[in-house]
Amino acid sequence: MIKLPLSKLCNVGTTIFSQMTQLANENEAINLSQGFPDFMPDPELLNYVDRFIKEGFNQYAPMGGMMRLKEEIAKKIENSHKSVYHPDTEITITAGGTQAIFTTIATFIKKDDEVIIFEPAYDCYEPTVELFGGVVKRFEMNAPDFEIDWNMVKNLVSDKTKMIILNNPNNPSGKILKENDIQELIKIVEGTSILILSDEVYENIVFDGKQHLSICKYPELKKRSLLVASFGKLFHITGWKVGYCAAPKALTDEFRKIHQFNVFSVNTPIQLALAEYMKNPDHYDQLNQFFQEKRDFLRKGLATTSFELLDCEGTYFQALKYDKVSDKNDFDFARELTINYKVASVPFSSFYKNKLNDNVIRLCFAKKQETLERAIENLAKL
Ligand SMILES: Cc1ncc(COP(=O)(O)O)c(C=O)c1O
């Protein structure tokens, strides 16, 4: 046995999502833990993949991505946000949102650079910053409303601050940024060289007629931002691992220097299929309504239980406060729910570094009607 070098991520184990999914499988529980749909993507999209494979599009794509797909993405962004990205030089197709996030951090974060993140936070931000020697400064958003105190955020800024990572709409809280939040952020970064990594993978899942305020709508923010999106979330294909990063040319040039050695390029036939499918904007414009129906079904079903439903403005996650149901910590409670009540969830404190417990769990409602029905039935027993 050789002596292993010191781990580069000493405190990192298997993600909570994999752990809860494994526990769900072992206990034959309904898996509302990990964020993926349990239904099929649109057959039209599947047929396009089949077609492009059979037509012979099976070799490397260009490093930045297939032009046809980048053009469709540019159109989507312009139509939704009136913001123009040049498809050739400002949009890069990535292996999912995760690789776009990793590559952005790898490109810009050096030893001792400070990066501000907002908790509850998606799990890949902090380890990736640490991997490149950066230091994470965190602002905690708390249940039930997850409001941001921008004065406190401002106090986190120092002359070492290199990047702010935003996740809007936020996984797991379901909170979206409002105009006032954006204006406060603009005040903080104006006149600085701070970059923004804006993780907007749930941009098309915003409810009740509310507006997703993309970073690219605001010139002061756009010029310093790398916008990350995911087709996994957009078209129910999380396993295909395709996403993109949109950023001004100077930032994209640097991003691609790393991207070319990180993955070089991404799945050709799937890029072509996505481009074909995106020609019909209904395919993404209807997503809000599609998931709002699922959210409303879950919320209605749980309304008469002892769980407290926190607001869900976007994403496909519902946060549940359970302090009337159990006094266990959220990890133990999530385990008990999985083993005894056959519903797997994710404990909320796993999205924080220091918070021990807030009696909140996260449920994913990107599921078939019958899956949600069975979960509601089981949760109603508590
Ligand atoms: C907030 C957030 N960012 C990024 C990702 C990763 O996206 P992808 O699956 O396309 O890598 C996820 C996936 O769950 C997510 O929830």
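Structure's up top.
Residues numbered from 1 in each chain as written. Predicted model: local features only at pLDDT ≥ 70, side-chain atom pairs only at ≥ 80, totals over all residues. Heavy atoms only, no water.

**Student:** Sorry, what's going on with the overall build of the protein here?
**Tutor:** In terms of regular secondary structure, the protein is built from 16 helices and 13 strands. Summarising its shape, the C-alpha atoms of the protein cover approximately 60 × 55 × 55 Å along the three principal directions. Counting only residues that meet the buried cut, the protein has 57% of its 382 residues in that class. Considering only contacts within the protein whose residues lie at least 6 apart along the sequence, 75% involve residues at least 24 apart. (Helix = DSSP H or I, 4+ residues; strand = E, 2+ residues; numbered from the N terminus. Buried < 20%, exposed > 50% of the residue type's maximum accessible area, 1.4 Å probe, protein only. Contact = heavy atoms within 4.5 Å.)

**Student:** I keep staring at the sheet that holds strand E9 (residues 308–309) and nothing clicks. Help me out?
**Tutor:** Backbone-to-backbone hydrogen bonds join strands into a sheet, with any given pair of strands oriented parallel or antiparallel. The antiparallel open sheet is built from four strands, whose spatial order is E9-E10-E13-E12. With one partner strand each, in any of the chains shown, E9 and strand E12 (346–347) form the two edges of the open sheet. Where E9 meets strand E10 (residues 317–321), two bridges bridge the pair, whose relative direction is antiparallel. Looking at the pairing, Leu309 lines up with Leu320 of E10. Its contacts with the sheet place helix H14 (residues 287–302) against E9, E10 and strand E13 (360–364), and it is angled at close to 20 degrees to E10. (Pairing = 2+ DSSP bridges. Axes fitted to C-alpha atoms, helices over the stretch in contact; angles between N-to-C directions.)

**Student:** What exactly am I supposed to notice about the nonpolar core here?
**Tutor:** In summary, soluble globular proteins display a tendency toward joint burial of nonpolar side chains. Phe231 and Phe235 are the most contacted members of the largest nonpolar core, which totals 119 residues. Per element, the largest residue contribution to this core is seven residues, and it comes from helix H12 (residues 268–278). Apart from residues no more than four positions distant in its own chain, Phe231 is found in contact with Leu69, Ile73, His236, Ile237, Val242, Gly243, Tyr244, Leu274 and Met278. (Core = buried A, V, L, I, M, F, W, Y, C linked by side-chain atoms within 4.5 Å.)

**Student:** Sorry if this is basic, but what is going on with the site of the ligand here?
**Tutor:** Close to the ligand lie 13 residues, the nearest being Thr98, Asp199, Tyr202, Ser230 and Lys241. Here Gly97 contributes a backbone N or O atom positioned 2.7 Å from an oxygen atom of the ligand. Between the ligand and Asn171 there is a distance of 2.8 Å, counted from an oxygen atom to a side-chain nitrogen or oxygen. In isolation the ligand offers 400 Å² of accessible surface; the protein chains occlude 93% of this area. (Near = heavy atom within 4 Å. Polar contact = N/O pair within 3.5 Å; in protein donor to acceptor, adjacent residues only side chain to side chain. Areas by Shrake-Rupley, 256 points an atom, 1.4 Å probe, with all protein chains shown as cover.)

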